[in-house]
Amino acid sequence: MQTIDYKDFDKIELRVGTITHVEIFEKARKPAYKIWIDLGEALGTKKSSAQVTDHYSPKQLIGKQVLCVCNFPPKQIADFMSEVLVTGFTSEKGGIILATVDGQVPNGAKLH
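Procedures and definitions
- Residues numbered from 1 in each chain as written.
- Predicted model: local features only at pLDDT ≥ 70, side-chain atom pairs only at ≥ 80, totals over all residues.
- Heavy atoms only, no water.
- UniProt positions renumbered as here; feature names shortened; annotations may be inferred.
- Helix = DSSP H or I, 4+ residues; strand = E, 2+ residues; numbered from the N terminus.
- Core = buried A, V, L, I, M, F, W, Y, C linked by side-chain atoms within 4.5 Å.
- Buried < 20%, exposed > 50% of the residue type's maximum accessible area, 1.4 Å probe, protein only.
- Contact = heavy atoms within 4.5 Å.
- Phe/Tyr/Trp six-rings, centres within 6.5 Å; stacked < 30°, edge-to-face > 60°.

The protein chain appears in an unreviewed UniProt entry as tRNA-binding protein from Algoriphagus pacificus.

K.L.:
I keep staring at the UniProt feature "domain: TRNA-binding" (unreviewed entry) in the protein chain and nothing clicks. Help me out?
P.N.:
This chain's UniProt record puts "domain: TRNA-binding" (unreviewed entry) on residues 8–112. The annotated region residues 8–112 carries 10% helix and 40% strand content, and the separation between its end C-alpha atoms amounts to 13 Å.

K.L.:
Any chance you could explain the nonpolar core here in plain terms?
P.N.:
For soluble globular proteins, nonpolar side chains are generally found buried alongside one another. If you look at the biggest cluster of nonpolar residues, it comprises 16 residues, and the most contacted ones within it are I35, I37, L61 and C68. When residues of this core are traced back to their parent elements, those giving at least two are β1 (14–24), β2 (33–38) and β4 (65–69). When residues in this core are grouped by element, the largest group, 3 residues, is from β2. Not counting chain neighbours up to four residues away, the residues in contact with I37 comprise G17, T18, I19, T20, G44, T45, K46, S48, V66, C68, V84 and V86. Residues F25, A28, A32 and F80 belong to the second largest nonpolar core, which totals 5 residues.

K.L.:
What should I look at first to understand the packing of aromatic side chains in this one?
P.N.:
The description of an aromatic ring pair rests on the distance of the ring centres and on the angle between the ring planes. Overall, the coordinates contain 3 aromatic pairs when judged by the stated rule. Pairing Y6 with F9 gives two aromatic rings, centres 5.8 Å apart and planes at 50 degrees, and the pair type is tilted. Separated by 3 residues within a single helix, Y6 and F9 lie in helix α1 (residues 6–10), roughly one turn from each other. Ring geometry for W36 and F80: centres 5.8 Å apart, planes at 75 degrees, overall edge-to-face. Here F80 lies in strand β6 (residues 80–82) and W36 lies in strand β2, a separation of 44 residues in the sequence. Exposure remark for F80: the relative accessible area of 5% places this residue in the buried category.

And the structure:
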């Protein structure tokens, strides 16, 4: 594993946001959702494509707070512009389990 300085870590804008809207991403090559995330007053609502269909239905995602990388450049995925990266971990059975918070925190809060 490569080590980094704290200054490198501090460059990553890892912020928490609340999922407000979810649609099935029919044009994605792999099963995915289009997700809208409220990242607070400073960042507003951002979009992301997330391959989390193995463990979550759209209804289960609404209201969930998730950790997002907010300072990657936008990425075009089919006909959808993904503006943030929703983070997660691969489960033992495959598929992604989202990285979330243990308690309610303000949307847009930065990970320290």
